Amino acid sequence: KNHDGMDSIQGIVGSLGLKASVIVTGSLDSTQVRDIYAISNLFVNISSPEAQGIAVYEAAAAGLPLCLSDIRSFTIVFKEYALYSGPRNARELAKNYMSYYRNKSLLKKNSAALRERMKKWDYDVITKKLSSIYDRLLNLD
């Protein structure tokens with residue numbers, strides 16, 4: 001059980017008989033993350049709290065379709081280019097997954113839109129925007 005009393009991912013995968021189909025990786029370095037994203041079909045994060053969501057941004061930049069919690073830190077950024085469910089709502093998640101599975105044009109549309117959208121959130125782009133804002137606030141420009 002984790003801190004919320006939920007079963008571990010390994011436990012859930014085992015109880016569903018999916019050990020042969022699901023890879024639980026644990027911690028990965030950035031090269032390994034890119035390799036995993038390159039062979040993935042979908043990215044899921046249906047947690048209730050989310051501080052920064054860096055992994056979600058990385059998945060979106062890789063063009064992975066997203067199934068996310070309908071929390072503001074996700075909906076405000078990914079807008080209509082992700083499918084949302086209540087946090088930890090397995091039934092809604094399954095419905096969203098099946099929407100992508102049955103509708104390949106939705107999957108492709110969201111994938112392309114996310115890849116393009118994330119260019120605006122690139123680290124260098126954000127750094128320049130923040131630097132400009134800070135300069136204006138400090139009257140340095």
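Because the structure is predicted, anything quoted here is derived from the model rather than measured. Each chain carries its own residue numbering, running from 1 in the written order of its sequence. Local features in this predicted model are restricted to residues of pLDDT 70 or higher, and side-chain atom pairs are both shown and tallied only at a pLDDT of 80 or more, whereas totals for entire chains, interfaces and linings draw on every residue. Values reported for side chains reflect all heavy atoms of the structure, with hydrogen atoms and water molecules removed beforehand.

### Overview of the overall build of the chain
- Only runs of H or I of at least four residues qualify as helices and only runs of E of at least two qualify as strands under DSSP, and these elements are numbered from the N terminus. Along its length, the chain carries 7 helices and 3 strands.
- Put simply, the chain runs from its N terminus to its C terminus through helices and strands in the order α-α-β-α-β-α-β-α-α-α.
- Principal-axis analysis of the C-alpha atoms gives the chain an extent of 60 × 40 × 30 Å.
- Burial here depends on accessible area, computed with a 1.4 Å probe over protein chains only, as a share of the maximum for the residue type. Under 20% is buried, over 50% is exposed, and the range in between is partly exposed. Sorting the 141 residues of the chain into buried and exposed places 26% on the buried side.
- Considering only intrachain contacts with a sequence separation of at least 6, the fraction spanning at least 24 residues in the chain is 44%.
- Exposure was quantified through the Shrake-Rupley algorithm and a 1.4 Å probe, taking into account, for residues, occlusion by the shown protein chains and nothing else. Of the roughly 9,800 Å² that the chain leaves accessible, carbon and sulfur atoms contribute 56%.
- Positive: Lys, Arg. Negative: Asp, Glu. His and the chain ends are not part of the count. Taken as the charge centre is NZ of Lys, CZ of Arg, CG of Asp or CD of Glu, depending on the residue. Charge-centre separation for the chain: the mean point of 19 positive side chains lies 8 Å from the mean point of 14 negative side chains. By definition in these notes, contact holds between two residues if any of their heavy atoms fall within 4.5 Å.

### Things to note about the packing of aromatic side chains
- By convention, a stacked pair of Phe, Tyr or Trp rings (six-membered ring in the case of Trp) has centres within 6.5 Å and planes under 30 degrees apart, an edge-to-face pair has planes over 60 apart, and any other such pair is tilted. According to the stated counting rule, one finds 4 aromatic pairs in the structure shown.
- With centroids separated by 6.4 Å and ring planes inclined at 15°, the aromatic side chains of Tyr-97 and Tyr-101 adopt a geometry described as stacked. Taken together, the residues Tyr-97 and Tyr-101, both in helix α5 (residues 90-102) and 4 residues apart, mark about one turn of the helix.
- Each member of the aromatic cluster is reached from another via a ring pair, and the members are Tyr-57, Phe-74 and Phe-78.

### With respect to the sheet that holds strand β1 (residues 43-45)
- In this description, strands pair whenever DSSP reports at least two bridges between them. Sheet architecture is open: 3 strands sit in the order β1-β2-β3, paired in parallel fashion. Every other strand in the sheet has two partners, leaving β1 and β3 (83-85) as the edge strands with one partner each. The sheet shows a mean angle of 15° between the axes of neighbouring strands, direction not considered.
- Where strand β2 (residues 66-69) and β3 come together, 3 bridges link them in parallel fashion. Within the sheet, the bridge partner assigned to Cys-67 lies in β3 and is Leu-83. For helices, the fitted line uses only the C-alpha atoms of the stretch in contact; every axis is such a line through C-alpha atoms, and the angle between N-to-C directions lies from 0 to 180 degrees.

### Observations concerning the pattern of salt bridges
- In the sections that follow, a salt bridge refers to a side-chain nitrogen of Lys or Arg positioned within 4 Å of a carboxyl oxygen of Asp or Glu. Inspection of the entire model under this criterion finds 1 salt bridge.
- Across the pair Glu-116 and Lys-119 runs a salt bridge whose closest N-O atoms are separated by 3.1 Å.
- A relative accessible area of 47% places Glu-116 in the partly exposed class.

### Re a nonpolar patch on the surface
- Residues enter a patch when their relative accessible area is above 30% and they make no salt bridge; the linking distance is 9 Å between like charges and 5 Å between nonpolar side chains (Val, Leu, Ile, Met, Phe, Trp, Tyr). The grouping of Ile-9, Ile-12, Leu-16, Leu-18, Val-22 and Val-24 at the surface amounts to a nonpolar patch, some 460 Å² of accessible area in total.
- Checked against the element boundaries, Ile-12 lands in helix α1 (residues 9-15).

### Here's the deal with helix α6 (residues 104-117)
- An expected span of 1.5 Å times one less than the residue number is assigned to each helix. Over its 14 residues, α6 runs 20 Å from end to end, which matches the ideal 20 Å to within 8%, given 1.5 Å per residue.
- Those residues of α6 that sit buried are Leu-106, Asn-110, Ser-111, Ala-113, Leu-114 and Arg-117.
- Against the buried residues of α6 lie α3 (54-61), β2, α4 (72-78), β3 and α5.

### Examining the layout of surface pockets
- Each pocket or cavity is described by its volume, and for the largest pocket that value is around 2,200 Å³.
- Two kinds of site are reported from a 1 Å grid over the protein atoms alone, namely cavities, where a 1.4 Å probe fits but cannot get out, and pockets, open sets with protein on both sides within 12 Å along at least five of seven lines, and residues are called lining when an atom falls within 4 Å of a point. Lining the largest pocket are 41 residues, with Ile-9, Val-22, Ile-23, Phe-43 and Val-44 sitting closest to its centre.
- The greatest single-element share of the lining of the largest pocket, amounting to 6 residues, is contributed by α5.
- Asp, Glu, Lys and Arg are counted as charged, while Ala, Val, Leu, Ile, Met, Phe, Trp, Tyr, Cys and Pro are counted as nonpolar; the rest, among them Gly, fall into the polar class. Here the residues of the lining of the largest pocket sort into 27 nonpolar, 11 polar and 3 charged.
- Grid points are joined across faces, edges and corners, and a volume is the space filled by probe spheres set on the points. Counted as a void, the second largest pocket has a volume near 460 Å³.
- Gln-52, Ile-54, Tyr-57, Glu-58, Ala-61, Met-118, Lys-119, Trp-121, Asp-122, Tyr-123, Ile-126 and Thr-127 together form the lining of the second largest pocket.
- Going through the elements one at a time, α3 and α7 (123-137) are the ones with two or more residues in the lining of the second largest pocket.

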